[in-house]
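Coordinate analysis (summary)
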Amino acid sequence: MTATLSNPSSIESYLGDEAESLLTYKAKYPQDQLHLPGGDFVERVFTQSDRHPQVLRSLQQLYSTGRLANTGYVSILPVDQGIEHSGAASFAPNPLYFDPENIIKLALEGGCNAVATTLGVLGMMSRKYAHRIPFIVKLNHNELLTYPNAHDQIMFANVEQAWNLGAVAVGATIYFGSPESSRQIQEVSQAFAHAHQLGMVTILWCYLRNDVFKQDQDYHLAADLTGQANHLGVTLEADIIKQKLPQCNRGYEAVAQATGEKYGRTHELVSSELTSDHPIDLTRYQVLNCYAGRSGLINSGGASGKSDFAEAIRTAVINKRAGGCGLISGRKTFQRPFSEGVKLFNLIQDVYLSSEVTIA
């Protein structure tokens, strides 16, 4: 498949001074030890698993939609921020997206593989669009209307509702490291098992949440800690893992030093042999923890700002070269004019379509 916008010079222009480092770097952990994305990914990887044939069909549908169809990569629009961050904080910059139909239209026009959003949004438009683009129902959310604000993912929907409206997948978040994580793990495990029984794909947002991770750096984004969160996620049989792009390492060590107490278990080889300070190495460690890529890693685009296009291209390049399977991009796309959101999706997809951006 040939991309319309992807060429080395345009990608390099977005990467700026990092272009050479990001496009030519060779990762420390060898790519031939990973299960990398490709058009045959479902058949090559998941047909060996315990997944029901209906799950394989749903997963293949997800990988066979949009501009990235049959490449092994995915580009997903997530819009659960109306609950997670409030409708005002999310949609006031672009009130168009208070209307659920415009969320789905953005995913369609943007050439996405799927749209991941709330039960309410997808339920409102399911008969018109469920056959046109794969639906992913986000089952749990963190709401910030209670006082005092509390960070806890609670179930807003169930698997049967997702199946009834025609979804091919369900998604959920676990705040690993939080006091509520044990309950969330049990809830999500049960939901994912039920989803697989009904033939749906499972996608897990593997986030860290605890004030102890906030030190001189934000260790919520540490490669070693997010990597372990990913490893817990695939243990719950998540078919795809969604994780934030790592920005540092040695999170276990930082927590132990800050608290003066032993924390968790890790190994020095993680820092000395399996990773480096390079973002591609840090992200490859996340991929390694997703059963060496058997469960695809998608990274998030992050909040919207002045450098959305450059940041999204950078994240896509790092994810692809590390061995990940795509990007999930929300606020950077729906908090700007519709046409710009479509353009941003297409630019991200062009990175994955470009033969010039290779696995490191």
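Note that the coordinates shown come from a computational prediction; the quantities given were computed from them, not determined experimentally. (Residues numbered from 1 in each chain as written. Predicted model: local features only at pLDDT ≥ 70, side-chain atom pairs only at ≥ 80, totals over all residues. Heavy atoms only, no water.)

Examining the overall build of the protein
Inclusion rule: In this description a helix means any DSSP run of H or I spanning at least four residues, a strand means any run of E spanning at least two, and both kinds are numbered starting from the N terminus. For the radius of gyration, the atom set is restricted to C-alpha positions; the globular benchmark scales as 2.2 Å times the number of residues to the power 0.38. For each residue, the accessible area found with a 1.4 Å probe, counting protein chains only, is set against the maximum for its type, and the residue is called buried under 20%, exposed over 50%, and partly exposed in between. Any two residues having at least one pair of non-hydrogen atoms within 4.5 Å are treated as being in contact. Per-residue accessibility takes into account occlusion by the displayed protein chains alone, with areas from the Shrake-Rupley method and a 1.4 Å probe. This count recognises Lys and Arg as positive and Asp and Glu as negative, with His and chain-terminal groups excluded. By convention, the point assigned to a charge is CZ for Arg, NZ for Lys, CD for Glu and CG for Asp.
Across its full length, the protein carries 17 helices and 10 strands. A compact globule built from 360 residues would reach a C-alpha radius of gyration of about 21 Å, and the protein, at 19 Å, matches this within 12%. Summarising its shape, the C-alpha atoms of the protein cover approximately 55 × 50 × 45 Å along the three principal directions. Sorting the 360 residues of the protein into buried and exposed places 57% on the buried side. Taking the contacts inside the protein whose residues are at least 6 apart along the sequence as the reference set, 74% of them involve residues at least 24 apart. Per element, the accessible surface of the protein, about 15100 Å² overall, is 50% carbon and sulfur. Here the protein contributes 29 positive and 35 negative side-chain charges, whose respective centroids are spaced 4 Å apart.

Focus on the nonpolar core
Short version of the rule: Nonpolar core, defined: a set of buried Ala, Val, Leu, Ile, Met, Phe, Trp, Tyr and Cys residues in which side-chain atoms within 4.5 Å join the residues together.
Of all hydrophobic cores here, the largest spans 85 residues; its most connected members are Leu 77, Phe 135, Leu 204 and Val 317. At 8 residues, the largest contribution of residues to this core is made by helix α17 (residues 338-353). Not counting chain neighbours up to four residues away, the residues in contact with Leu 204 comprise Ala 172, Thr 173, Ile 174, Phe 176, Val 188, Phe 192, Gly 233, Leu 236, Ala 238, Ile 240, Ile 241 and Lys 242.

Here we look at the pattern of salt bridges
Applicable threshold: Salt bridge criterion: a side-chain nitrogen from Lys or Arg within 4 Å of a carboxyl oxygen from Asp or Glu.
Under the criterion given, the structure shown has 17 salt bridges. Asp 50 serves as the salt-bridge partner of Arg 51, at 3.0 Å between the closest nitrogen and oxygen. Taking relative accessible area as the criterion, Arg 51 reaches 12% and is therefore assigned buried. Here Asp 50 falls in the exposed class, since its relative accessible area comes to 56%.

Side note on the sheet that holds strand β3 (residues 135-138)
Keep this limit in mind: A pair of strands is considered paired only if DSSP assigns at least 2 bridges between the two. Fitted lines through C-alpha atoms give the axes, limited to the stretch in contact for helices. The angle between two N-to-C directions lies from 0 to 180 degrees.
The 8 strands lie next to each other as β1-β2-β3-β6-β7-β8-β9-β10, forming a closed barrel whose pairing is parallel. Across this sheet, the average inter-strand angle for adjacent strands is 25°, counted without regard to direction. In this sheet, strand β10 (residues 326-328) lies alongside strand β1 (residues 74-79) in parallel orientation, the contact comprising 3 bridges. In the strand pairing of β10, Val 74 is matched with Gly 326. On top of the sheet, helix α7 (residues 100-109) reaches β1, β2 (114-117) and β3; it is set at about 165° to β1, its chief contact. Sheet strands touched by helix α8 (residues 119-129): β2 and β3. Its angle to β3, the strand with the most contacts, is close to 160°.

A look at helix α10 (residues 181-197)
This is how it is decided: Given the number of residues in a helix, its expected span is that number minus one, multiplied by 1.5 Å. Directions are taken from the helix axis to each C-beta atom, and the arc is the one they span.
An ideal rise of 1.5 Å per residue puts 24 Å on 17 residues; α10 measures up with 24 Å between its terminal C-alpha atoms. Buried residues of α10: Ser 181, Gln 184, Val 188, Ala 191, Phe 192, Ala 195 and His 196, and no others. One side of α10 carries all its buried residues, which in axial view fall inside an arc of 135°. α10 presents Gln 186, Gln 190 and Gln 197 as exposed residues on the side facing more than 90 degrees away from its buried surface. Next to the buried residues of α10 lie α4 (53-63), β4 (140-141), β5 (154-155), α9 (159-164), β6 (169-176) and β7 (201-208).

Some thoughts on the side chain of Arg 321
Heads up, the condition is: For this analysis, a polar contact is any N or O atom pair within 3.5 Å, provided that within protein one partner can donate a hydrogen and the other can accept it, and provided that sequence-adjacent residues contribute only side-chain to side-chain pairs.
Locating Arg 321 in the fold gives a position in helix α15 (residues 308-322). Here Arg 321 is buried and forms no salt bridge, its nearest opposite-charge partner Asp 281 lying at an N-O distance of 9.3 Å. A distance of 2.7 Å separates a polar atom in the side chain of Arg 321 from the backbone oxygen of Thr 358. If we ignore the near neighbours within four places in the chain, the residues touching Arg 321 are Leu 22, Leu 23, Thr 24, Tyr 25, Ile 280, Arg 284, Val 357, Thr 358, Ile 359 and Ala 360.

Quick word on the pairing of strand β8 (residues 240-243)
Quick reminder of the rule: With the strands aimed away from the viewer, a crossover counts as right-handed if its path from the first strand over the helix to the second runs clockwise.
The alternating pattern of β8 places Ile 240 and Lys 242 on one face and Ile 241 and Gln 243 on the opposite face, and all of these are buried. As defined by bridge partners, β7 adjoins β8 across 3 bridges and the pair is classed as parallel. Bridging across to β8, Trp 205 finds its partner in Lys 242. Viewed along the sheet, the connection from β7 through helix α11 (residues 223-235) into β8 turns out right-handed. Here β8 runs beside strand β9 (residues 296-300); their pairing, made up of 4 bridges, is parallel. Counted as the bridge partner of Ile 240 is Gly 296 from β9.

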